[in-house]
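As a plain string of letters, each chain reads:
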Amino acid sequence: MLTALLTSWLPSRNAFLGWASAIALAGLPLAAQAQGFAAYITPPRFEVQVAPGQSLRQVVEIQHVGQQKGNYRIYTNDWAFLPDNSVTFSDALAPDSCRPWVAVERRELTIEPGARYRYRFEIAPPPGTPARECRFALMVEGLEAARVEGALNFPVGGRIGVIVYATVGDAAPQLEIAASRVARVDGKPVAVVDVRNRGNAHGRLEGFVNGTDARGARFEMAPSDLPILPGETRSIAITPVAEEGKPAPEVRFPLTIKGNLEWGKNRLPLDASFAP
């Protein structure tokens, strides 16, 4: 699966600042517009499957929306999804990195104002590769850095990390609910389930469940669309579904949630009380 994330860079610190990482991993549409960097990247996320010994070609479309020609550098990174739902990127190869299997069309690219470019990359796991998930980021970085004048006076550029999940062979997630609890987000209580993944590919919870709060009010509720990576336990919030154009309804705890969460064709029954 492929998701996009915009980051800014400060060369003096060599630090990358994540922008809406949880939203990005949820696969919402991506638009990056800043001085020196103006692009749309589609699709925002890929989930692909590839067999050992075979190659799989994918295409990401880059639209340059700047008023001048856009010059970009394209390369791969490894990435990590941290417990606080932020994402970090690394040029160095991770111990289990599959980036050596990835071939990119070209390293640098110039796009005319308003033009689109269909950029190709391939994933080719070697013959005999055991079932696993290949994860990497395709980085699209603007080569022109704009100068920000002021007290700090530093150059600012931008890059987009397109996060790829490629399932090799019959790799699959195996999700289970390890615990249920109440967490505080922005000072407000939120129902959370801790979901463990015992499989060898990432998974996501889906589906709708029914909630009843302390007033007897009933809500249709859904889990957050965050990936749960193999071998990890991830905290997944379950929140009321908001009607289009309206804010999410207010929940008063204690809260009871009943129903079936889903991942793929599987179900996870949930019947739990949440008290702050």
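Just so it is clear, the structure is predicted and the values come from calculations on it, not from any experiment. (Residues numbered from 1 in each chain as written. Predicted model: local features only at pLDDT ≥ 70, side-chain atom pairs only at ≥ 80, totals over all residues. Heavy atoms only, no water.)

Let's shift gears to the overall build of the protein chain. Along its length, the protein chain carries one helix and 21 strands. Counting only residues that meet the buried cut, the protein chain has 44% of its 276 residues in that class. Considering only contacts within the protein chain whose residues lie at least 6 apart along the sequence, 65% involve residues at least 24 apart. Summed over its atoms, the accessible surface of the protein chain is roughly 14200 Å², and 49% of this surface lies on carbon and sulfur atoms. (Helix = DSSP H or I, 4+ residues; strand = E, 2+ residues; numbered from the N terminus. Buried < 20%, exposed > 50% of the residue type's maximum accessible area, 1.4 Å probe, protein only. Contact = heavy atoms within 4.5 Å. Areas by Shrake-Rupley, 256 points an atom, 1.4 Å probe, with all protein chains shown as cover.)

Moving on: the side chain of E133. Examined against the element boundaries, E133 turns out to sit in strand β12 (residues 132–142). Classification of E133 as buried rests on a relative accessible area of 5%. In terms of polar contacts, E133 uses its side chain to reach the side chain of H202, at 2.6 Å. When residues no more than four places from it in sequence are discounted, the contact partners of E133 are Y165, A166, T167, A171, N200, A201, H202 and P230. (Polar contact = N/O pair within 3.5 Å; in protein donor to acceptor, adjacent residues only side chain to side chain.)

Here R159 is to be found in strand β14 (residues 154–168). Buried R159, no salt bridge; nearest opposite-charge side chain is E141, N-O distance 4.8 Å. A distance of 3.2 Å separates the side chain of R159 from the side chain of Y75, its partner in a polar contact. (Lys, Arg positive; Asp, Glu negative; His and termini not counted. Salt bridge = Lys/Arg side-chain N within 4 Å of Asp/Glu carboxyl O.)

A complete count under the given rule lists 15 salt bridges for this structure. Among the salt bridges present, the one from R99 reaches D78, with a minimum N-O distance of 3.0 Å. Here R99, found in the loop between β8 (87–90) and β9 (102–104), pairs with D78, found in strand β7 (residues 70–81); they are 21 residues apart in sequence, far enough to count as distant. Of the residues examined, R99 reaches a relative accessible area of 11% and is grouped as buried. You can call D78 buried: its relative accessible area is 7%. Between R204 and D225 there is a salt bridge whose closest N-O contact spans 3.8 Å.

Below, the discussion takes up the pairing of β12. The element β12 is extensively covered by neighbouring structure, given that nine of its eleven residues are classed as buried. Where β7 and β12 come together, six bridges link them in antiparallel fashion. By the bridge assignment for β12, Y72 is matched with G142. (Pairing = 2+ DSSP bridges.)

A separate point is the packing of aromatic side chains. Under the counting rule described, the total for this entry stands at three aromatic pairs. Ring centres of F46 and F121 lie 6.4 Å apart, and the angle between their planes is 85 degrees; this geometry places the pair in the edge-to-face category. Of this pair, F46 sits in strand β5 (residues 46–50) while F121 sits in strand β11 (residues 116–123), and the two are 75 residues apart along the sequence. Seen in terms of ring centroids, W79 and Y165 are 5.7 Å apart; in terms of plane orientation they differ by 80 degrees. Their pairing is edge-to-face. You can see W79 sitting in strand β7 and its partner Y165 sitting in strand β14, a full 86 residues away along the chain. (Phe/Tyr/Trp six-rings, centres within 6.5 Å; stacked < 30°, edge-to-face > 60°.)

Here the structure, examined in full by the defined rule, presents one disulfide. In this model, C98 is linked to C134 through a disulfide, with the two sulfur atoms separated by 1.9 Å. When the S-S torsion is 80 degrees, as for the bridge of C98 with C134, the disulfide is right-handed. With C98 in the loop between β8 and β9 and C134 in strand β12, this residue pair connects regions lying 36 residues apart in the sequence. The exposure class assigned to C134 is buried, which follows from its relative accessible area of 0%. (Disulfide = S-S within 2.5 Å.)

Bringing the sheet that holds strand β17 (residues 209–212) into the picture now. The strand order β15-β16-β19-β18-β17-β20-β21 describes an open sheet built from seven strands, whose pairing is antiparallel. The sheet terminates laterally at β15 (175–185) and β21 (266–274), the two strands that pair on one side only. Between one strand axis and the next, the sheet turns through 30 degrees on average, direction left out of account. Pairing between strand β16 (residues 188–197) and strand β19 (residues 233–240): six bridges, direction antiparallel. The residue of β19 that forms the bridge with V195 is R234. (Axes fitted to C-alpha atoms, helices over the stretch in contact; angles between N-to-C directions.)

All right, on to the pairing of β21 then. Sheet analysis places strand β20 (residues 255–263) next to β21, joined by nine bridges and oriented antiparallel. Counted as the bridge partner of K258 is D271 from β21. Hairpin connection, β20 to β21: the antiparallel pair is bridged by two residues, and G264 has positive phi, about 60 degrees.

Along the chain, L138 turns up in strand β12. When its relative accessible area of 0% is taken as the criterion, L138 is described as buried. Taking the C-alpha atoms as reference points, L138 and D78, separated by 60 residues in sequence, lie 9.0 Å from one another. Excluding its chain neighbours within four sequence positions, the residues that come into contact with L138 are V60, I74, Y75, T76, V104, Y119, F121, I160, G161 and V162.

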